[in-house]
Amino acid sequence: MDTLPGVTRPAEPDGFRDFVEARSPALLRSGWLLTGDWPSAEDLVQTALAAAWPRWSSLERPDAPELYVRKIMVNTFLRWRQRRWNGEIATGRLPETQAYGDVFAQVDARQALLAALDRLPARQRAVVVLRYFADQTEAQTAAAMGCSVGAVKSHGAKALARLRDAPGLAELLTGGVAS
Amino acid sequence: MNTEERQLTDLLHRMTPEPPRRVTVEDIAFRLANEAGQGRQAQSRAPRLRESRRREPRRRRPNWGPAWAPALAAAAVLVVAGGSAALAVGLSSNSHHTGATSPGGTVTSSSAAPTTSSASSAPGVVSASAVPLKDAPYGAELVNRHKITPGTLISGDGYLFGTEPGFLDQIDPANGSVVHQVPINTQVTSAPVIVDDQVWAVTTYTSAGAVLTGYNATTMQQVASVTVPVNGRTSFAAAGVLAGADHNLYLAAGDDIAVVSTVTDKVTRQWHELQGPVNSLATSPDGTKLYASLGNVTLLTYSVPGFATLDTSTISVNGVAANLVATSGGVWGTLSENDTTVWFAPGGNLANLVHVGNASGANGYAVPSYSGSAVWIGGAQALVCASPANGKVLATASIGQASGAAQYLGGVAVAGGRAYASYSSSSAQQAGTAVMTVPSACG
């Protein structure tokens, strides 16, 4: 792979390659839920892994590097959201009828999911991804986001309430579309 | 976890797709090496480890009194503008935003290209900072990092216009820079329409009502806003729901078709279609016909301005026809059940429907666009141009993979003798607007 002239490739820390190969799909899926598209998800994951690389050998918990990488991911995501204009304009263009069981319903359902996540404030969305997709505990989620367990519970409850009311998502929550 | 939380967990695992490619250590090493080579600090700092945590001296918060208000307002604009260009790493020279807001809410960027004199550039001259795209056809180069939604890029009045999530962009074809941005509803993906000297976009599209907003095509100042009542549910596809010609806009308004005059900025006519919802609309190049796709799927042809039904044809599919484009030879569109090909209905009758090209594939979708002298069909495998008269494929160019990542090119609009398209790849930081040479067969 090409690099800039005169620039040497940084030394690869032990275990880093195994981690990236094993966990990048899961991290990318989390990134997709956070950002809503694959290029941004990949950018987010690469940003987090690039930031983790120099510190890999001195991780506080070498047995749980994923917690550290996810922490960088979610904080990077929150920073991006702070920088970007976030016009949360309500819309009704959400799937209202679906033919379940075919691939197009699947696509529609994913769009409904992303649209519902788009309507969440960034911290609520982060809690949804860390707590309910990455299966982190409330304490781990709180540590990643730099907030209290109570705040995680609060963000989670508010997010659930918003998702519950999101058009097209209620039937999905009860198992509408086959994967 | 309670039942609802478990349902959400299940939903997230069920609905989140597998990524199209993986991140590799080489990707990260390449990124680190390039960042080091450019002498840049990483854009994103990692959280500090506990053992090295030190408390920084707290900065005194300045006293932002009323005298600071103008400066703060300008700074806020910079944040807004900079946000949209946050991914423009390496291309910042032609997408710097340093402007101010206009009364219409427009975000302006006054500096187009420090490395090139955009103001004096002839149309078709692209900034020297364009990034060549490997294995992409017709000398494709990436000229900005604005991810224009495929099928929404149009050209007119000396500019390109397209939507990206949350914004309507005005792009200078001379260098690819986004000159103005106006915020729009993030969920609407329908292309803008140029009528007279105004560019119109669907800025809100809900079953409770739709809003069309008109902007001066040069300054992007808002000049009009029209609320259109919606009868029934709006099209889920929401692609190609707005058309326009000769002082009139046509909107798919649920089960209705609405006509809006750009002279009076009022709804002048609205009628109900039993086979609704109306999914997409297009006007013929001469403005004398209006085409509408409804339900699953009926294609109607109306006369303009009388709006008498001239033709009706139906096919039975498990999908809706969207992204309608009308040419001299007929009507083009997509089917949501098979959006990797584009169909062409000669004479606007579905009985004679043919598929044109197989331009897309995994990770991409085909959308027809009529610009210049050809109909363009993009995708992740090939870029096709076809005759607007008979649907015959005039040229096909394959789109290769870049470093193992699929590339997408589509939604072509021709301006200044060059073809512009939405570009994305599954590799990081590779999405934006690409410019290509128009092949002679498509010119």
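About the criteria used
- Residues numbered from 1 in each chain as written.
- Chains lettered and ligands numbered in written order.
- Predicted model: local features only at pLDDT ≥ 70, side-chain atom pairs only at ≥ 80, totals over all residues.
- Heavy atoms only, no water.
- Disulfide = S-S within 2.5 Å.
- Helix = DSSP H or I, 4+ residues; strand = E, 2+ residues; numbered from the N terminus.
- Buried < 20%, exposed > 50% of the residue type's maximum accessible area, 1.4 Å probe, protein only.
- Axes fitted to C-alpha atoms, helices over the stretch in contact; angles between N-to-C directions.
- Parallel < 35°, antiparallel > 145°, perpendicular 65-115°, else oblique.
- Left-handed = near helix turned anticlockwise from the far one by under 90°.
- Contact = heavy atoms within 4.5 Å.
- Expected span 1.5 Å × (residues − 1).
- Pairing = 2+ DSSP bridges.
- Core = buried A, V, L, I, M, F, W, Y, C linked by side-chain atoms within 4.5 Å.
- pLDDT = per-residue confidence, 0-100.
- Nonpolar A, V, L, I, M, F, W, Y, C, P; charged D, E, K, R; others polar.

Undergrad: Honestly, the state of the cysteines in this entry has me stumped. Any pointers?
TA: In protein chemistry, a disulfide is the covalent bond that joins the sulfur atoms of two cysteines. Residue and element names in this part refer to chain B. Scanning all chains against the criterion turns up one disulfide over all chains. Between the sulfur atoms of Cys385 and its disulfide mate Cys442 the distance is 1.8 Å. Note on the Cys385 and Cys442 pair: the S-S dihedral is about -75°, so by sign convention the disulfide is left-handed. Within this pair, whereas Cys385 is found in strand S26 (residues 382–386), its partner Cys442 is found in the segment after strand S30 (431–437), the two being separated by 57 residues in sequence. Taking the relative accessible area as the measure of exposure, Cys385 reaches 1% and is therefore buried.

Undergrad: How do you make sense of the packing of helix H1 (residues 16–35) of chain A against helix H5 (residues 122–133) of chain A when you look at a structure like this?
TA: If you want to describe how two helices pack, look at the angle between their axes and the distance between the axes. Residues and elements named next belong to chain A. In contact at an axis separation of 9 Å, H1 and H5 are set at 150° when each is read in the N-to-C sense. Of the possible angle classes, the one that applies to H1 and H5 is roughly antiparallel. The element H1 and its partner H5 pack so that their crossing is right-handed. Residues Ala26, Arg29, Ser30, Trp32, Leu33, Leu34 and Thr35 of H1 form the contact with H5, whose participating residues are Arg125, Ala126, Val129 and Phe133.

Undergrad: Would you mind going over H5 of chain A with me for this structure?
TA: Because an α-helix completes one turn every 3.6 residues, residues spaced three or four positions apart along the sequence face the same direction. Residue and element names in this part refer to chain A. Between its first and last C-alpha atoms H5 spans 15 Å; for 12 residues at 1.5 Å apiece the expected length is 16 Å, and the two agree. Most of H5 sits inside the fold, with 11 of its 12 residues counted as buried. Once H5 ends, the next one or two residues include Asp135, with phi positive near 60°.

Undergrad: What is the right way to look at the pairing of strand S17 (residues 289–294) of chain B in this model?
TA: Regular strands have side chains that alternate between both faces of the sheet. Residue and element names in this part refer to chain B. Taking burial as the measure, the six residues of S17 include five buried ones, the bulk of the element. Two strands pair when backbone bridges link them, and strand S16 (residues 278–283) and S17 are joined in this way by five bridges, in the antiparallel orientation. Considered in S17, the bridge of Val278 is made with Leu294. Here S16 folds back onto S17, and the loop between the two strands holds five residues, one of which, Gly287, carries a positive phi near 75°. Examined bridge by bridge, S17 and strand S18 (residues 298–303) share six bridges and lie antiparallel to one another. If you follow Leu290 over to S18, its bridge partner there is Tyr302. Hairpin connection of S17 to S18: three residues between the antiparallel strands, including Gly295 at a positive phi of 50°.

Undergrad: What exactly am I supposed to notice about the nonpolar core here?
TA: Note on soluble globular proteins: their nonpolar side chains tend to be buried together. The biggest cluster of nonpolar side chains holds 63 residues, and the ones touching the most others in it are Leu49 and Val128 of chain A together with Leu8 of chain B. The dominant element in this core, judged by the number of residues it contributes, is helix H2 (residues 38–52) of chain A, at nine residues. In terms of nonpolar packing, the next biggest core, distinct from the first, is built from 34 residues, Val193, Val202, Ala224 and Val278 of chain B among them.

Undergrad: Explain the sheet that holds strand S9 (residues 198–206) of chain B to me, please; I cannot follow it from the model alone.
TA: By definition, the strands of a sheet pair up through backbone hydrogen bonds, in either a parallel or an antiparallel sense. Residue and element names in this part refer to chain B. As summarised here, the arrangement of the four strands in space is S8-S9-S10-S11, forming an open sheet in which the pairing is antiparallel. Two strands close off the open sheet at either side, each with one partner strand: strand S8 (193–195) and strand S11 (222–228). Taking the axes of each pair of neighbouring strands and ignoring which way they run, one obtains an average angle of 25° across the sheet. Note: S9 against strand S10 (residues 209–216), eight bridges, orientation antiparallel. By the bridge assignment, Ala201 is partnered in S10 with Thr213.

Undergrad: Where do I start with the sheet that holds strand S19 (residues 309–314) of chain B in this structure?
TA: Residues and elements named next belong to chain B. Read from one edge of the open sheet, four strands run S16-S17-S18-S19, paired in antiparallel fashion. Here the strands that pair on one side only, and so sit at the sheet edges, are S16 and S19. Across the sheet, the axes of successive neighbouring strands diverge by a mean angle of 15°, strand direction being ignored.

Undergrad: Can you help me understand the confidence of the model for chain B in this one?
TA: Residues and elements named next belong to chain B. Scored by pLDDT, chain B comes out at a mean of 76, with 72% of its residues at no less than 70. Contacts from residues 40–128, a stretch scored under 50 in pLDDT, to residues over four places away or in other chains number 142 contacts. Low confidence marks residues 359–363, where pLDDT is under 50. Its contacts with residues over four positions away, or in another chain, come to 20 contacts. Note on the complex model: pTM 0.56, ipTM 0.82.

Undergrad: So what exactly am I meant to see when it comes to the packing of helix H7 (residues 149–165) of chain A against helix H1 (residues 3–15) of chain B here?
TA: Direction vectors running N to C along H7 of chain A and H1 of chain B enclose 70°, while the axes themselves pass 11 Å from each other. Taken together, the axes of H7 of chain A and H1 of chain B are roughly perpendicular relative to one another. Together, Leu160, Leu163 and Arg164 of chain A of H7 of chain A and Glu4, Glu5 and Leu8 of chain B of H1 of chain B make up the contact between the two elements. Taken together, the residues of the contact of H7 of chain A with H1 of chain B break down into three nonpolar, no polar and three charged.

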